[in-house]
Amino acid sequence: MDVTFTIRRYQPEVRDDPYYEDFEFEAEPTDRVLDCLNHIKWQIDGTLAMRRSCQTGICGSDAMRINGQNRLACKTLLQDVGSEVTIEPLMGYAVIKDLVVDMDPFFDQFRRVKPFMMNEGSDPERERVQSQEERERFDDTTKCILCAACTTSCPVFWSDEDYVGPAAIVQAHRFIFDSRDDGTAERLRILDDAEGVWKCRTVFNCTKACPRDIEVTKAIAEVKQAAMWGRV
Amino acid sequence: MSERRVGGGHRRPGSGGFERWAWFFMRISGVALLGLAVFHLLWMHFAIGVDNIDFQTVVRRWSNPLWRLYDFALLAFALGHGLNGLRTVIDEYVESPGWKLGVKTAAALIGFLVGAAGFYVIFTFDVPVS
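Residues take numbers from 1 onward in each chain, read along the sequence in its written order. The order in which chains are written sets their letters, starting at A; the order in which ligands are written sets their numbers, starting at 1. Where local features are concerned, this predicted model is filtered to residues with pLDDT of at least 70; where side-chain atom pairs are given and counted, the filter is 80 or more; whole-chain, interface and lining totals use all residues. Note that water and hydrogens are dropped before the side-chain values are worked out from all heavy atoms of the structure.

### With respect to the overall build of chain B
- Secondary structure elements follow DSSP: runs of H or I of four or more residues count as helices, runs of E of two or more count as strands, with numbering from the N terminus. Scanning chain B from terminus to terminus reveals 4 helices and 0 strands.
- When the helices and strands of chain B are read in sequence order from the N terminus, they spell out α-α-α-α.
- We call two residues in contact when some of their heavy atoms are within 4.5 Å. The contacts of chain B with a sequence gap of at least 6 include a subset with a gap of at least 24, amounting to 73%.
- Surface exposure of chain B reaches about 8600 Å², of which carbon and sulfur atoms provide 72%. Under the convention used here, a 1.4 Å probe and the Shrake-Rupley method define accessible areas, while residue burial counts only the protein chains that appear.

### A word on the sheet that holds strand β1 (residues 2-9) of chain A
Residue and element names in this part refer to chain A.
- Pairing between strands requires that DSSP locate at least two bridges from one strand to the other. Read across the open sheet, the 5 strands follow the order β2-β1-β5-β3-β4; overall the sheet is mixed. Pairing within the sheet leaves two strands with one partner each, and these edge strands are β2 (19-26) and β4 (69-72). Between one strand axis and the next, the sheet turns through 35° on average, direction left out of account.
- Relative to β2, β1 is paired through 8 bridges, and the arrangement is antiparallel. Within β2, the position partnered with Arg9 by the bridge is Tyr19. To get an axis, fit a line to the C-alpha atoms, keeping to the stretch in contact for a helix; angles then go from 0 to 180 degrees between the N-to-C directions.

### Considerations on the domain arrangement of chain A
All names here are of chain A.
- For the purposes of this description, domain bounds are those given by an automatic or database domain assignment. Entries for chain A in the domain assignment read domain 1 (2-101) and domain 2 (104-229).
- Taking only C-alpha atoms into account, the centre of domain 1 sits 29 Å from that of domain 2.
- Taken together, the 13 residues of domain 1 in the interface contact 16 residues of domain 2.
- Once two parts are put together, the accessible area they lose, assessed with a 1.4 Å probe and summed over both, is termed the buried area. The contact between domain 1 and domain 2 buries some 1200 Å² in all, and 60% of this surface belongs to carbon and sulfur atoms.
- For domain 1, the biggest contributors to the area lost against domain 2 are Asn70, Met91 and Tyr93; these three give 48% of the whole.
- A 3.5 Å cut-off defines polar contacts: any pair of N or O atoms within that distance qualifies, except that in protein one atom must be a possible hydrogen donor and the other a possible acceptor, and neighbouring residues in sequence count only when both atoms are side-chain atoms. At the surface where domain 1 touches domain 2, the tally comes to 3 residue pairs in polar contact (both at pLDDT 80 or more).
- In terms of residue class, the side of domain 1 that touches domain 2 is built from 7 nonpolar, 5 polar and 1 charged. For this classification, the nonpolar set comprises Ala, Val, Leu, Ile, Met, Phe, Trp, Tyr, Cys and Pro, the charged set comprises Asp, Glu, Lys and Arg, and every other residue, Gly included, is treated as polar.

### Observations concerning the environment of A:Asp182
Residue and element names in this part refer to chain A.
- Structurally, the position occupied by Asp182 is in the loop between α6 (165-176) and α7 (184-191).
- Accessibility expressed as a relative area gives 34% for Asp182, which makes it partly exposed.
- Each C-alpha atom of the pair Asp182 and Tyr19 lies 49 Å from the other, and the pair is 163 residues apart in sequence.
- For Asp182, the contacting residues outside a window of four places in its chain are Met118, Asn119 and Glu120.
- Here Glu120 takes part through its backbone nitrogen, which lies 2.8 Å from a polar atom of the side chain of Asp182. Exposed residues in this analysis have more than 50% of their type's maximum accessible area, buried residues have under 20%, and partly exposed residues fall in between, with area computed by a 1.4 Å probe over protein chains only.

### A short note on α7(A)
Residues and elements named next belong to chain A.
- Of the positions making up α7, those classed as buried are Thr184, Ala185, Arg187, Leu188 and Leu191. Burial along α7 is one-sided: seen end-on, the buried residues are contained in an arc of 165°.
- Against the buried residues of α7 lie α6 and α9 (216-229). Think of it as the arc spanned by the lines of direction from the helix axis to the C-beta atoms.

### Some points on the packing of helix α3 (residues 65-93) of chain B against helix α4 (residues 97-124) of chain B
All names here are of chain B.
- Look at α3 against α4: their axes get within 11 Å of each other, and the N-to-C directions meet at 175°. Looking at the two axes, α3 sits roughly antiparallel to α4. Of the residues in α4, those touching α3 at Arg68, Asp71, Phe72, Leu75, Ala76, Leu79, Leu83, Leu86, Arg87, Ile90 and Asp91 are Lys100, Val103, Lys104, Ala107, Gly111, Val114, Gly115, Gly118, Phe119, Ile122, Phe123 and Thr124.
- Partitioning the contact of α3 with α4 into residue classes produces 13 nonpolar, 4 polar and 6 charged. An angle below 35 degrees is read as roughly parallel, one above 145 as roughly antiparallel, one from 65 to 115 as roughly perpendicular, and any other as oblique.

### With respect to a nonpolar patch on the surface
- On the surface, a nonpolar cluster with roughly 450 Å² of combined accessible area is contributed by B:Leu34, B:Val38, B:Leu42 and B:Phe46.
- Residue position: B:Leu34 is located in helix α1 (residues 15-49). Put simply, a patch holds well-exposed residues, over 30% relative accessible area, that have no salt bridge, with like charges counted together within 9 Å and Val, Leu, Ile, Met, Phe, Trp or Tyr side chains within 5 Å. The salt bridge definition used is simple: a Lys or Arg side-chain nitrogen within 4 Å of an Asp or Glu carboxyl oxygen.

Written out as structure tokens, the structure reads:
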């Protein structure tokens, strides 16, 4: 099939303003958007800048706006988006070049919720036993790959870069509801803030954007309940 | 599944506390308004009928203190819910701190005047049923 990719380019060393550039070529309906971008970069224009690593939907590097929706290029088939595809960088972060955005603020918010196991007291002598029900409690939020598709689809984040954002709350949820973790009170204290969970307006963009099908808005609501009543 | 109590200390003063209770108020007032406003609408449109509403309708309605309490609740929840919604909209759409303070002050002032006028009328209205 003949396809046209319209890509939002930003090449600061060549020109100051961003612009859209069309690329026309042949591709299979079963090709992924990432295959097409690779084709453009390798065969048509080597200056195209983008991030991708594992190319199998695990590393979360190639989140971008595909026809206006945040998706992973490696998990999106051409037949699902049509022959005319518009590719743009994620919204809300400064664009460094073409599809590459500055992810530092994203990982600053990620670090803010202390996304690691916290242990108070002495180390146990054997592994921390957890029932299937206890593991199930936070199973959904363990699927996050930190691609930033949720945070950069959130209109609250677009208007307030200090908002901790759905991705960081998902990471906090993963530990808050983990029976083995001792940092729940501290994380809730961090998120019980004007720039924390209360900024969420339940828009559901994050849930729709998540390429891992995490129920992000539900996770945020559970953290709100925990912060409201002080129990999980 | 058992519930775990979270260790104390997260009830701290500060912006998080206000935002937490503002969020909670929006939930409570939202549910309350759903009942209050819908019943108000049904009552005025079907029980009384829009063509029959006149000054005497208000006089008869407010001769019962329970109706005054009902209208007080409707005003308090609607005003609080609306003003808090406006506050969050201003927070998100007005970027300059100066303008933000100005617009918020104006909204609070208008809200206070509307509320004061409403409460004054509800509680001082004294016209005998003719």
